[in-house]
Every structure is written in structure tokens, then in C-alpha cells.
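Here are the chains, one letter per residue:
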Protein chains: 2
Amino acid sequence: MVRMRSSAESPAGKPTLVEEAYEALKRAIRTNVFAPGYQGSEQEIALQFGMSRTPVHEAVIRLQEEGLVRVLSRRGVVVCALSPEDMREIYEVVVALEGAAAELIAAQPAEARVPAAEELDAVNARMEAALAAEDLVAWAEADERFHQLLVERSGNARLLRMVGTVMDQSHRARMLTLRLRPKPTLSVQEHRGIVAAIREGQAALAQERAKAHRIRAREQLLPLLRQLGMRHL
Amino acid sequence: MVRMRSSAESPAGKPTLVEEAYEALKRAIRTNVFAPGYQGSEQEIALQFGMSRTPVHEAVIRLQEEGLVRVLSRRGVVVCALSPEDMREIYEVVVALEGAAAELIAAQPAEARVPAAEELDAVNARMEAALAAEDLVAWAEADERFHQLLVERSGNARLLRMVGTVMDQSHRARMLTLRLRPKPTLSVQEHRGIVAAIREGQAALAQERAKAHRIRAREQLLPLLRQLGMRHL
DNA sequence: GCACGCCATCTTCCATACAAGATGGTATGG
DNA sequence: CCATACCATCTTGTATGGAAGATGGCGTGC
């Protein structure tokens, strides 16, 4: 889960109810407790969380800004469903932003980019281990961590936040198809290629490989979704 | 001004007070009526807008999500100032996203990309005319329109929204330096190059030119800001 | 049987009231 | 004169009530 507090400045000093509602709602959506298409009233959600409507209302505003829900005026709040079209958009954005992130890291001086490469390699090793152990959940977790680390180390907070937003949107879809697609052995290899280019400071190559990696993932995911007859998800 | 309603679904059916407050505040920030660093209370803003605190509060939440303001718990809301570091981040993101947009348009079939190229050329002509008439404001307006059109025609709503967000953040800085930098004659030429690549469907070239265009703009803007001693803006 | 309009109900929108934290000035003690 | 503790004040966080709009069901007219 991508953590990024945008309101409270004190880290966990005293989480407000809004923050609680925001995190709880987001988690509920990510874990399909509130499935896409789910429609409920703020009152109802507030009751479940044991708070008044106000914090829920404000949390919903933030989630709407991030594209996770839509509030229909006087008709309730609905969890956004993703169409294959949405997935295309999301991947186009991720391809561009992660490509840029890889390029940025590779363009950093060696004393900055080499440690980053080390870290990335370490996470990649975790992925490999998880794959050997046939632990798909652990693999997915490490994979997510690898990609998050990639944008973190770009040194661009806005880029990090933007990628986080679209990845949150598409989290459900990736989880859904996790067990449906062939064993992701290619990913580890491709990650190694990205890291190698970063370590050597080959910015253009790092960008190209990062983009190609995500494009391939998309080419694998999109047909799967269509074939599942998933018009919305 | 980049318009993008994210809440109300009926186009201007009946703007709510929240929407009013949101637009008014955003405009006030963009036009420097609320200058960076300005700190005020929601109550005070509500008074100016002739409404209660509630709609202002919700508008502020949205603006915070977009990075235009920060609400300090129980100390008021402050308009975000941009450091040169922020400008670097913003341009890195814009370079990546506009590059992707140009690439996406150029990759479209001819019957889609050629009309887009026509439109872009038309706007570019407006820029040229404004430049000949020494009308810098009209030039800036057309320039903004050109870049907005570029991401619009990419056919990716998320990309459009993201670029809009960061451009809103940096609007003030661009306006400030508008009269300080040399006459932007190069822009028209570079735009032509981008459009030509799009028209011919040369995706990689279109991307490259769009990126180079923004990179050059950044190289022109950043030293100017530093030289002005603008630590924040 | 069908279409239309009315109305009860539910929902967000907005205003207001109160609670609790943060701040700055002032008074007090050294 | 300086440091510290207190307190009045200001600000957001949260709860709640009323207003207005949207919806769906029911009844009425044809």
C-alpha cells in the first residue's frame, strides 16, 4: 500500500478522524470489501466506522480527487469501476512516469545511483526467492515495492505521488489477474536489466527498459481482462 | 485556465457553493490575489466569498490534494510557495507526460492525428501572430492552449488531468518570468517541429521534440528564477 | 394495460455550534 | 533584565440539524 500523508504534517502524531476514514475507506476499496460499483451513503459508511458524517464526507472528497470514488450529488457515493479503457490510460501514464523515473536515477551521479541500484537489486532478489517458493502474494508485494522504490529514488516527490495515485486505482485489477497469468519469470530478468542500466548511468537505456517492461506487462494484462469479459472491474 | 470538473457531473447545471469556492480560490491563487505564503483562516475566506466556513473548508481540502495550498492544523491555510526545487520536479513531470502525449497522438491512425495536427497548427499560428503584434499576454495564452491541446488530443483523460494539476501549480512562475525572458521566437518553430512529426506519424520523433521543447524552456526558466533570488514564489 | 404525475423517503449540501489544540502576549518569579 | 507559566484568543476538527434535490413506488386517469 502506497503511504503518503498529504494533510497532517506530524507523522502519526494524532491521526484525525478524517485520516482514519480516508485510510479505512481506501483499504476497503483496495481489498474489495467495497467492490467496484458499490454504492452507499455517507451516513451508512459513517455508522460502520463509528463516527459522524463529516469526517467521512471529507475523506470521500479526497478519494474522489484521487479517482477512487465518485460522489453523485444527492444520490450517494459509488466506488469507481475500471474499464479496459481506464487500464489503457493508467498504463500509458505509468509507462511514461516510470520511464522518466528510471532515466532520472540513471542520470544521477554514481554515489547516488549505485546505492539505489543496490537497493533495487535487493528487492529484486526477494522477488526471485518468492518466485522459487511459489509464493505469488510475496512476489506481488516485492514487485510493488520494486516499482515504488524506482519512483522514490527518482528524487521527485510529485512523480512519486502521481504514480501512487494511478497504482492505487489499478491495484484491484493487478490482484485479480495475479493467479491467472503465467508465472512472472520474465519480470525478474527485466528488472535486472533496468537496474544494470541505472548502475552504469545509461539514462536513455534505463528509460527504454523501464518503459518496455511496463508495456509488456500491459500487453499481458489487457487481453486477459477482455477475455474475462470484464467490462468493468 | 485549465478547467476540469471532477465533482459535479452535470456541466454547469447548478454550481454548488463548494465549486464556487474552489474556482474562486484557485483563481485568486493563480492571479496572485492570494500570493504564495499568504496565510488566512477559512472563516476569513468564507467571509470574503459570502458563504459559511463549510464550503470553503471542503474546497481547501481539494486544493490541498492538488498541492496548491497546505492546511496547518489549527493554524490556518497557507498558499504554497514554489522553490526552484519544486520547479525542477514540475518540469521533470511535464517533460515526461507531454512527451508521452505527443508520442500517443503520433501513434494514432492518420484520420485521428491529422486533424489534431491541423488544430495544433492553428493555435501555433495564433502564437505567431501574437508574437508579431508584440502581445505577450496573447502569446502566453495561445502557448498554454497549444500545450493543453497536445495533452487533450492524446486521448488520455488521466494524463490531461495530471498535467493540468502541475501546470496550475507553476502558472504563477511562468507568468512572472514572461516579460523577463527573451522574445520566445523559438517556441513557434519548435512547436512546428512537434506538429510535423505528429502529422507524419513519427511517434518517437514527436516525443523527442516535445521533450526537448520543454527541457529548453526549463533551462531558460530555472536560471532566471535563481538569478532573481527567488527562493520561493 | 399503460403512461403520467404526485409524494414519501433518502441523500448530499450547507450553516451553525461546540470542542480541543496552537499561538502570542502578559504577568510573575528569579 | 530574562525566563517561564498561564491564559485569552484564534483556528481547525467534528457533530448535528435543516434545506433542497433525486429517486422510486403508488395511485390516478385514460
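Residues numbered from 1 in each chain as written. Chains lettered and ligands numbered in written order. Predicted model: local features only at pLDDT ≥ 70, side-chain atom pairs only at ≥ 80, totals over all residues.

- The name that an unreviewed UniProt entry assigns to chain A is DNA-binding transcriptional regulator, GntR family, with the source organism given as Belnapia rosea.

Digging into the protein's contact with DNA strand D
- Around DNA strand D sit 19 residues, and of these T16, L17, S52 and T54 of chain A together with S41 of chain B come closest.
- Elements with a contribution of two residues or more to the surface near DNA strand D: α1 (17-30) and α3 (53-65) of chain A together with α2 (42-49) and β3 (76-79) of chain B.
- It is α3 of chain A that provides the largest number of residues to the surface near DNA strand D, a total of three residues.
- Its residues assigned to classes, the surface near DNA strand D shows six nonpolar, eight polar and five charged. (Near = placed C-beta within 6 Å. Helix = DSSP H or I, 4+ residues; strand = E, 2+ residues; numbered from the N terminus. Nonpolar A, V, L, I, M, F, W, Y, C, P; charged D, E, K, R; others polar.)

A short note on the nonpolar core
- Counting 76 residues, the largest nonpolar core has L97 and I198 of chain A together with L97 and I198 of chain B as its most contacted members.
- With residues up to four places along the chain from it excluded, the contact list for I198 of chain B reads A102, I105, A106, R113, A116, A117 and A206 of chain B.
- The next biggest cluster of nonpolar side chains, apart from the first, holds 32 residues, and it includes Y22 and V79 of chain A together with V18 and L25 of chain B. (Core = buried A, V, L, I, M, F, W, Y, C linked by C-beta atoms within 7 Å. Buried ≥ 20, exposed ≤ 12 C-beta atoms within 10 Å, placed from the backbone. Contact = placed C-beta atoms within 7 Å.)

A short note on the relation of the copies chain A and chain B
- For the match of chain A to chain B, the screw axis carries a shift of 0.0 Å, the RMSD comes to 0.1 Å, and the turn is 180 degrees. In symmetry terms, the pair is related by a two-fold rotation axis. No C-alpha of chain A lies nearer the rotation axis than that of A96 of chain A, which sits 2.9 Å from it.
- Both copies contact each other with a shared surface, as 100% of the interface residues of chain A are interface residues in chain B too. (Least-squares fit on C-alpha atoms with pLDDT ≥ 70 in both.)

Details of the pairing of strand β2 (residues 69-72) of chain A
Residues and elements named next belong to chain A.
- Of the pairings in the sheet, the one linking β2 to strand β3 (residues 76-79) comprises four bridges and is antiparallel in character. Looking across to β3, one finds that V71 is bridged to V77.
- The antiparallel pairing of β2 with β3 creates a hairpin that spans three residues between the two strands, and R74 there sits at a positive phi of about 60 degrees. (Pairing = 2+ DSSP bridges.)

Describing the pairing of β3 of chain A
Residue and element names in this part refer to chain A.
- Going residue by residue along β3, you find V77 and V79 tucked away on one face and G76 and V78 left uncovered on the opposite face.
- Relative to β3, strand β1 (residues 39-40) is paired through two bridges, and the arrangement is antiparallel. Across the sheet, G40 pairs through a bridge with V77, a residue of β3.

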